[in-house]
Amino acid sequence: MSVSTFRDLKNQEVLVVFADEAKKIQGSWNDSVLKDYLKVPLENDFRAKFREPLLVYTHSHPTTKRVLVLGLGKKSDISLQNFRNLGASLAGALKNKNVKSHASVLVPKVGKFKTAEIVEALQTGASVYQFQFTELKSAESLKKNPPSKPIELQFIVEAKDLKQAGAAESKAKATAEGVNWGRRLVAMSPRQLYPVQLTKEVEKMVKASPSKSKIKMTVWGETELKKHAYGGVLAVNQGSENEAQFIVLQYSNGGKSSKPMALVGKGVTFDSGGLSLKPPQAQETMKYDMAGAASVLSAFKITVDLQLKTNLVCVVPSVENMPSGAAQKPGDVITMASGKTVEVLNTDAEGRLILADALFHATTQFKPKAVIDVATLTGACALAVGEAAAGLYGTDEKLKKGLEKASAESGEHIWRLPDFEEFYGDQMNSDVADLRNIGKSREAGATTAGIFLRAFVKNDIPWAHLDIAGCGWYDAPRGFVGARGPSGVPIRLLAKFIEQNL
Ligand SMILES: [Zn+2]
């Protein structure tokens, strides 16, 4: 455990402390010698702005070589999200200063926040910030620019807070590990990660989990999908040389009679658009079209790694959407797993076809207490909310409120999609089949995708849909996500929601 009290401090490369807007160091410490070292630099070189760093060398101090001061900014603005960002700032500042292995962090006492909450937020921000994806670099380039080892943080708290702070730190580490595991899946090249390889990555994750005896994994390939007539999954994948996969995970660690929560994630490992081909630039990031799958699988990983007492199901349909002589064609009518028929008018609106079969599967096979699907589903959602939020749609007010609560606490935003039934309700009706896969007009495309999915949720099970087309991938570093690429959103939100609804 790397939490300790100030008294236990021995030699340290660097001590991190936080200063409020009055430049006062926050937290319990009583080293007057160190305070003397800081006096002049704090007064002259520092404004204590939020995330502002100040590094002070402490030449002859017996235990501490350097002190990094970070500004907390205005006291009234401080939130847990700010502490996540500060976790990233301290990791970034330490890296810049070539701190190689570990640092001690004096946990500040600020506002209404508990010490454990601040520890969790700082560790989360630092761990998520330090994600690197270097496995596709050559040995030669890795030799020149070796990936940096993550910096271990040792949190300094008061003796009475040791136990809770230690637990918070472990939880933050397991959560961030889950987030970064998912981000790696999204970052992988589509040549590396196609559906069968996704199955292999999930198998590895299950094998390494402390809960593996409580997890059941079932995978359907082409044969089983055909046998069960999962027409949505099969139709989308029929232009691809790679086999489709239908991955189902069941974690049973709750009451025998208590219904599971179900997560469904879109796993399109590459989306070219199919015959409704995307323009080249739009294809550049389309390996991320499995970020929904990565999100729900990561939330599953966090839940099983933390060995939460609950029952959880995860359903991931995984395909490649490719154009070829065998690909589905605009105008095709396909029969879905539920028996409903769909007129496919745009082969780039494929996510909803595989999700429809997966929602049908989740709600008929497991009768869950609720089902949440996560998908990089529509450009319309990305246009409406940008990278800031996931679009939320669904049938159940209580479920939506629960997700909004988890959103507020995790700092991962969601935004309700417009839901005016009298305007959008008939947009997905087809002349020749039961449904069409795109709206009759382009209006409210994120909502009409939701209306399509709704038709496949069975047994009146409460359902919510998160469209992460905008927030699943960041075009530039944001907050405590330190690099362009997979954001890991909304993994922490989902993990928090599961924890709050055991
Ligand atoms: Zn598409």
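The rules behind each value
- Residues numbered from 1 in each chain as written.
- Predicted model: local features only at pLDDT ≥ 70, side-chain atom pairs only at ≥ 80, totals over all residues.
- Heavy atoms only, no water.
- Donors = N, O, S within 2.8 Å, 3.2 Å for Na, K, Ca; no water.
- Tetrahedral: all angles 85-135°; square planar, octahedral: opposite > 155°, others 65-115°.
- Axes fitted to C-alpha atoms, helices over the stretch in contact; angles between N-to-C directions.
- Helix = DSSP H or I, 4+ residues; strand = E, 2+ residues; numbered from the N terminus.
- Parallel < 35°, antiparallel > 145°, perpendicular 65-115°, else oblique.
- Left-handed = near helix turned anticlockwise from the far one by under 90°.
- Contact = heavy atoms within 4.5 Å.
- Nonpolar A, V, L, I, M, F, W, Y, C, P; charged D, E, K, R; others polar.
- Expected span 1.5 Å × (residues − 1).
- Buried < 20%, exposed > 50% of the residue type's maximum accessible area, 1.4 Å probe, protein only.
- Arc of directions from axis to C-beta.
- Polar contact = N/O pair within 3.5 Å; in protein donor to acceptor, adjacent residues only side chain to side chain.
- Core = buried A, V, L, I, M, F, W, Y, C linked by side-chain atoms within 4.5 Å.
- Pairing = 2+ DSSP bridges.
- Domains from an automatic or database assignment.
- Buried area = accessible area lost by both parts, 1.4 Å probe.
- Salt bridge = Lys/Arg side-chain N within 4 Å of Asp/Glu carboxyl O.

(A) Just the coordination of the zinc ion, in detail. Within the protein, the zinc ion binds to D271 (OD), D348 (O), D348 (OD) and E350 (OE); these donor distances fall in the range 2.0 to 2.3 Å. Between the 4 donor atoms coordinating the zinc ion, the angles at the centre fall across 70 to 170°, so the site counts as irregular. When the donor residues of the zinc ion are listed from N- to C-terminus, their spacing reads D-x76-D-x1-E.

(B) Summary view of the packing of helix α5 (residues 162-187) against helix α6 (residues 195-208). The geometry of α5 relative to α6 is characterised by a closest axis approach of 12 Å and an angle of 160° between their N-to-C directions. Accordingly, the angle class assigned to the pair α5 and α6 is roughly antiparallel. Crossing hand, α5 versus α6: right-handed. Contacts between α5 and α6 pair W181, R184 and L185 from the former with L198, E201 and M205 from the latter. Across the contact of α5 with α6, the residue classes tally to 4 nonpolar, no polar and 2 charged.

(C) Broad picture of helix α13 (residues 397-410). Taking 1.5 Å of rise per residue, 14 residues should cover 20 Å, and α13 covers 20 Å from first to last C-alpha, within 8% of that figure. Those residues of α13 that sit buried are L399, K400, G402, L403, A406, S407 and S410. Taken end-on, α13 shows its buried residues confined to a sector of 160°, consistent with a single buried face. In α13, the exposed positions angled more than 90 degrees off the buried face are occupied by K398, K401 and A408. Its buried side turned inward, α13 meets α2 (80-96), β15 (370-375), β16 (390-394), β17 (414-416), β19 (463-467) and α16 (491-500). For α13, the N-terminal capping position is held by D396, with its side-chain oxygen 3.3 Å away from the main-chain nitrogen of K398.

(D) A look at the nonpolar core. L249, F300, I372 and L403 are the most contacted members of the largest nonpolar core, which totals 60 residues. Examining the composition of this core, we find that 9 residues originate from one element, helix α10 (residues 291-305), more than from any other. If we ignore the near neighbours within four places in the chain, the residues touching F300 are M205, I215, L249, Q250, Y251, L312 and C314. Within the second largest apolar cluster, 50 residues are counted, among which are V264, V313, A337 and A389.

(E) Highlighting the environment of D45. For D45, the location among the structural elements is in the loop between α1 (32-44) and β4 (53-57). Residue class for D45 comes out exposed when judged on its relative accessible area of 53%. Along the backbone, D45 and L68 are 23 residues apart, and their C-alpha atoms lie at a distance of 13 Å. Those residues in contact with D45, other than ones at most four positions away along the chain, are V40, E52 and L54.

(F) Geometry of the sheet that holds strand β14 (residues 341-344). What the 3 strands build is an open sheet, ordered β13-β14-β18; its pairing is mixed. Two strands in the sheet have a free side with no partner beyond their single neighbour: β13 (332-335) and β18 (435-436). Here β13 runs beside β14; their pairing, made up of 4 bridges, is antiparallel. Across the sheet, residue D332 finds its bridge partner in β14, namely V344.

(G) Seen up close, the domain arrangement of the chain. Domain parsing of the chain yields domain 1 (3-159) and domain 2 (176-500). Here domain 1 and domain 2 have C-alpha centroids that lie 37 Å from each other. Domain 1 puts 14 residues into the contact, and the matching count from domain 2 is 17 residues. Summed over both sides, the interface between domain 1 and domain 2 buries roughly 1,400 Å², with carbon and sulfur atoms accounting for 62% of that surface. The largest contributions to the domain 1 side of the interface with domain 2 come from R84, V128 and F131, which together make up 41% of the buried area. If you look at where domain 1 meets domain 2, you find 1 salt bridge.

(H) Fine view of the pairing of strand β9 (residues 245-252). Judged by how many residues are buried, β9 sits mostly within the fold: 6 of 8 residues are covered. Relative to β9, strand β8 (residues 215-220) runs antiparallel, the two sharing 6 bridges. Its bridge partner being in β9, I215 is matched across the sheet by Y251. Across 8 bridges, β9 lies against strand β12 (residues 311-321) in antiparallel orientation. Directly across from Y251, in β12, lies its bridge partner L312.

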